Amino acid sequence: MQEISVFKNKNLKKTPTMPDLEEASRDFKWEDAKKEIECFEDGKMNAAWNVIDVHANGERKNKIALYYEGDDGIIEKFTFGEMSELSNRFANVLKKLGIQRQDRVFYFLSRSPELYVSFLGTLKAGAIAGTLFPAFGDDALRDRLLDSGAKVIVTEGPLKERLYKIRDSLPDLKHIIVVKNGADTSKGEFCYNTEMAAASSYFEIEKMNPEDYSFMLYTSGTTGKPKGVVHAHAGIVQQYLSAKWVLDLQDDDIFWCTADLGWVTGIVYGLLGPWACGTTQVGYGGRFKPEKWYELIQRYKITVWYTAPTAIRMLMAASDDLPKNFDLSSLRHLCSVGEPLNPEGVKWSVEVFGQPFHDTWWQTETGSILITNYPCMPIKFGSMGKLFPGIEAAIIDEAGNPLPQGAEGDLAIKPGWPSMMRTIWKNEARFKEYFRGNWYVTGDTAMIDKDGYFWYVGRADDVIKTSGERVGPFEVESALVEHDAVAEAGVIGKPDELRGNIIKAFVMLKPGFTASDDLKKEIQQFIKGKLAGHAYPREIDFVDSLPKTRSGKIMRRLLKAKELGLPIGDTSTLEND
Ligand code: PRX
């Protein structure tokens, strides 16, 4: 096991919202937590109400909800009151277009004020919101829009063409709304600005059952196409409480979550959770650049910052002198998610910002942070931290039996926490695959130490985490074999110092094609166009054959073992051994 060193932060700038984990966990009941979330009569609710309108109707009406800064340097700000009115308008636009409760409304949009507004408006109208990563290529886009049956898409000029390439294969898509001034109304597109201006700023918010769906997000597994993970309005209870206790949000904080709204971190902690706490958030629509990031912290006096290990490593690689050119003294609490947080990153942040990064563990499926290092407790370098109150977890074996303390095995959670996914869209069978006995099985392997700290070991399956993004090898393999030159392909994650893992493909060419660097580049470009920039194989090896099981499945485990020079293990099912 790793060398353990324990870090106690003596530089806390505020008393944490949760001063003592044991005390908060003792006698914790979700029933009590629910009381902190305002409901309508008969227990009906709407997460958008808790996120925006409770503040807009109260003392935070004129408080800034969002500072938005675009790539072009233009800065916009919105109060809770303004966000409430704008999202009401968007809900009215959807009603005018005939959108019913639980219809799907998707956004193929860069981070922009319109994205926050339309997401909230969708929830208010009782429909299900779905964000899409703006870098998605044709296949990635088609898979998600087709499966979800989205009726409305909100998009923007530069991304529109990608949508039109696949529009004919989307029978459920009824309306395209284009933000800014990019709509071509002669094609039947709706202009966001025109529709919003014509809509009323009053909207009778839909009163939902807590179990009604609020948003859905596609994520990858080992096999098959991305699956639509569906969340319910009731999840806001935990999204609120974790933003309060883990991100430690307090009323005068300025919070920045760097994740794109196309991923779960962006939705839950770049929109829902912090606003449920009434916190001012910063949204940055531009690209990653170390000096720009530091400039943002300085300009907005960001106090709480949530980012990812790859970004931290990139900042570390930039230059030790760079942060000295900025006033970063506003920072008081730092958190990280998505991949293992190296101890070096935590030590570096203490040196540079005077504050440690706190690791947080969760998944698209869990809907909020379940394991973390709280500001009130000592950090063991390299550990993910401890459980959130009300969460029961264990390390289990293949039969579903909990293993003793110190053993490595499958990280599993007892179902029933409020923000847990409710189903996989139109695929109950796939939802059921997550469970073993009474446990939800995360797909991660981990260990719990004698003090109750959780230690990440790895993925139990072939899912690849690259720069914190989750990529399924099957998606990449399927896209690869669509290239004219590719006969078969096997894809693995190869450990990488900067990105955690990179995607590596082993490709068998069709007869008549010759391996070359040019062909590699062409294949890489092809995948970027189909999936997304983060999902293309940075390394490609051309091979004469691929190891397969007798039933014809590519043995990625073997490809990986060979690549990393590890023992090959059991090959009894191998076809060509
Ligand atoms: O493997 C774990 C890794 O990211 C997976 C979940 O990915 P996704 O659904 O895209 O959600 C990412 C952000 C919520 C997990 O199964 N992961 C997440 N957090 C950590 C992590 N691995 C190690 N340490 C973490 N803190």
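Residues numbered from 1 in each chain as written. Predicted model: local features only at pLDDT ≥ 70, side-chain atom pairs only at ≥ 80, totals over all residues. Heavy atoms only, no water.

### A word on the overall build of the protein
Per the secondary structure count, the protein includes 17 helices and 29 strands. Its C-alpha atoms give the protein a radius of gyration of 24 Å, near enough to 25 Å, the size a compact globule of 577 residues would have. Dimensions of the protein, computed from the C-alpha atoms along their principal axes, are close to 70 × 60 × 50 Å. The proportion of buried residues among the 577 residues of the protein is 59%. (Helix = DSSP H or I, 4+ residues; strand = E, 2+ residues; numbered from the N terminus. Rg over C-alpha atoms; globule rule 2.2 N^0.38 Å. Buried < 20%, exposed > 50% of the residue type's maximum accessible area, 1.4 Å probe, protein only.)

### Describing the environment of Ala234
Mapped onto the fold, Ala234 is located in the loop between strand S10 (227-232) and helix H9 (236-245). Residues Ala234 and Glu211, spaced 23 residues apart in sequence, show a C-alpha to C-alpha distance of 6.1 Å. Ignoring sequence-local partners within four residues, the contact set of Ala234 consists of Met45, Pro210, Glu211, Pro418 and Arg422. (Contact = heavy atoms within 4.5 Å.)

### Remarks on the sheet that holds strand S27 (residues 486-496)
Reading across from one edge, S27-S28-S29 is the order of the three strands in this open sheet, with mixed pairing throughout. Among the strands making up the open sheet, the edge pair consists of S27 and strand S29 (539-542). Each adjacent strand pair in this sheet contributes to an overall mean axis angle of 25 degrees, direction not counted. For strand S28 (residues 500-509) and S29, the ladder comprises four bridges, and the chain directions are parallel. Residue Lys504 lies in a different strand from S29, and its bridge partner there is Glu539. Packing of helix H15 (residues 473-480) onto the sheet brings it into contact with S27 and S28, and relative to S27 it is tilted by some 145 degrees. Each of S27, S28 and S29 touches helix H16 (residues 517-530); the most contacted strand, S29, lies at about 130 degrees to it. (Pairing = 2+ DSSP bridges. Axes fitted to C-alpha atoms, helices over the stretch in contact; angles between N-to-C directions.)

### What about the side chain of Ser220?
Examined against the element boundaries, Ser220 turns out to sit in the loop between strand S9 (213-219) and S10. A relative accessible area of 3% places Ser220 in the buried class. Of the polar contacts made by the side chain of Ser220, one reaches the backbone nitrogen of Gly472; its length is 3.4 Å. Polar contacts involving the side chain of Ser220 include one to the side chain of Glu475, which spans 2.5 Å. (Polar contact = N/O pair within 3.5 Å; in protein donor to acceptor, adjacent residues only side chain to side chain.)

### Things to note about the pattern of salt bridges
One pass over the structure, following the stated rule, counts 45 salt bridges. Note that Arg470 is salt-bridged to Glu365, the shortest N-O span being 2.7 Å. Of this pair, Arg470 sits in strand S26 (residues 469-471) while Glu365 is found in the loop between strand S15 (357-361) and strand S16 (371-372), placing the two residues 105 residues apart along the sequence. With a relative accessible area of 1%, Glu365 lands in the buried category. Sharing partners across several salt bridges, the network here consists of Lys494, Lys504, Glu539, Asp541 and Glu563. (Salt bridge = Lys/Arg side-chain N within 4 Å of Asp/Glu carboxyl O.)

### Here we look at the packing of helix H4 (residues 80-96) against helix H5 (residues 113-124)
Taken N-terminus to C-terminus, the directions of H4 and H5 make an angle of 60 degrees; their axes are 7 Å apart at the nearest point. Crossing hand, H4 versus H5: right-handed. Taking contact as the criterion, the partners of Met83, Ser84, Leu86, Ser87, Asn88, Phe90, Ala91 and Leu94 in H4 are, on H5, Tyr116, Val117, Ser118, Leu120, Gly121, Thr122 and Lys124. The residue inventory of the contact of H4 with H5, partitioned by class, reads eight nonpolar, six polar and one charged. (Left-handed = near helix turned anticlockwise from the far one by under 90°. Nonpolar A, V, L, I, M, F, W, Y, C, P; charged D, E, K, R; others polar.)

### Let's talk about the pairing of strand S24 (residues 454-459)
Pairing of strand S23 (residues 439-448) with S24 involves five bridges; the strand directions are antiparallel. Following the sheet pairing, Ile448 is matched in S24 by Phe454. Hairpin connection from S23 to S24: five residues lie between these consecutive antiparallel strands, with Gly452 at a positive phi of about 85 degrees.

### Here's the deal with the packing of H5 against helix H10 (residues 264-276)
One way to put it is that H5 packs onto H10 with a least axis distance of 12 Å and a crossing angle of 65 degrees. Our pair here, H5 against H10, has a crossing hand that is right-handed. Packed against H5, whose contacting residues are Tyr116, Phe119, Leu120 and Leu123, the element H10 presents Ile267, Gly270, Leu271, Leu272 and Trp275 at the interface. Of the residues contributing to the contact of H5 with H10, the split by class is eight nonpolar, one polar and no charged.

### Some points on the packing of aromatic side chains
All told, the structure shown has 31 aromatic pairs when counted by the stated rule. Where Tyr269 meets Tyr306, the ring centres are 5.8 Å apart and the plane angle is 75 degrees; that geometry is what we call edge-to-face. Of this pair, Tyr269 sits in helix H10 while Tyr306 sits in strand S13 (residues 304-307); the two residues are 37 residues apart in sequence, bridging distant segments of the chain. Classification of Tyr269 as buried rests on a relative accessible area of 0%. (Phe/Tyr/Trp six-rings, centres within 6.5 Å; stacked < 30°, edge-to-face > 60°.)

### Some words on H4
Over its 17 residues, H4 extends 24 Å from the first C-alpha to the last, a length consistent with the 24 Å expected when each residue adds 1.5 Å. Gly98, located one to two residues past H4, shows a positive phi value of around 85 degrees. (Expected span 1.5 Å × (residues − 1).)

### Some words on the domain arrangement of the protein
Domain annotation of the protein identifies domain 1 (6-448) and domain 2 (464-564). Summarising the inter-unit geometry, the C-alpha centres of domain 1 and domain 2 are found 30 Å apart. Taken together, the contact between domain 1 and domain 2 spans 27 residues of the former and 23 residues of the latter. A combined buried area of about 1800 Å² lies between domain 1 and domain 2, and 47% of that area is made up of carbon and sulfur atoms. Remark: the boundary between domain 1 and domain 2 carries two salt bridges. When residues of the side of domain 1 that touches domain 2 are assigned to their parent elements, the largest contribution, four residues, is made by helix H6 (residues 138-148). The residue makeup of the side of domain 1 that touches domain 2, split by class, is eight nonpolar, eleven polar and eight charged. (Domains from an automatic or database assignment. Buried area = accessible area lost by both parts, 1.4 Å probe.)

### As for the site of the ligand
If you check the shell around the ligand, you find 18 residues, and the closest are Thr360, Thr364, Arg459, Lys465 and Arg470. Backbone polar atom of Glu339 to a nitrogen atom of the ligand: 3.4 Å apart, as the coordinates give it. In the environment of the ligand, a nitrogen atom lies 2.8 Å from a nitrogen or oxygen atom belonging to the backbone of Thr360. When the free accessible area of the ligand is taken as 550 Å², the share hidden by the protein chains comes to 96%. Those elements that provide at least two residues to the shell around the ligand are H10, S15 and S24. Considering every element that reaches the shell around the ligand, the biggest residue donor is S15, with three residues. Split into classes, the residues belonging to the shell around the ligand amount to seven nonpolar, five polar and six charged. (Near = heavy atom within 4 Å. Areas by Shrake-Rupley, 256 points an atom, 1.4 Å probe, with all protein chains shown as cover.)

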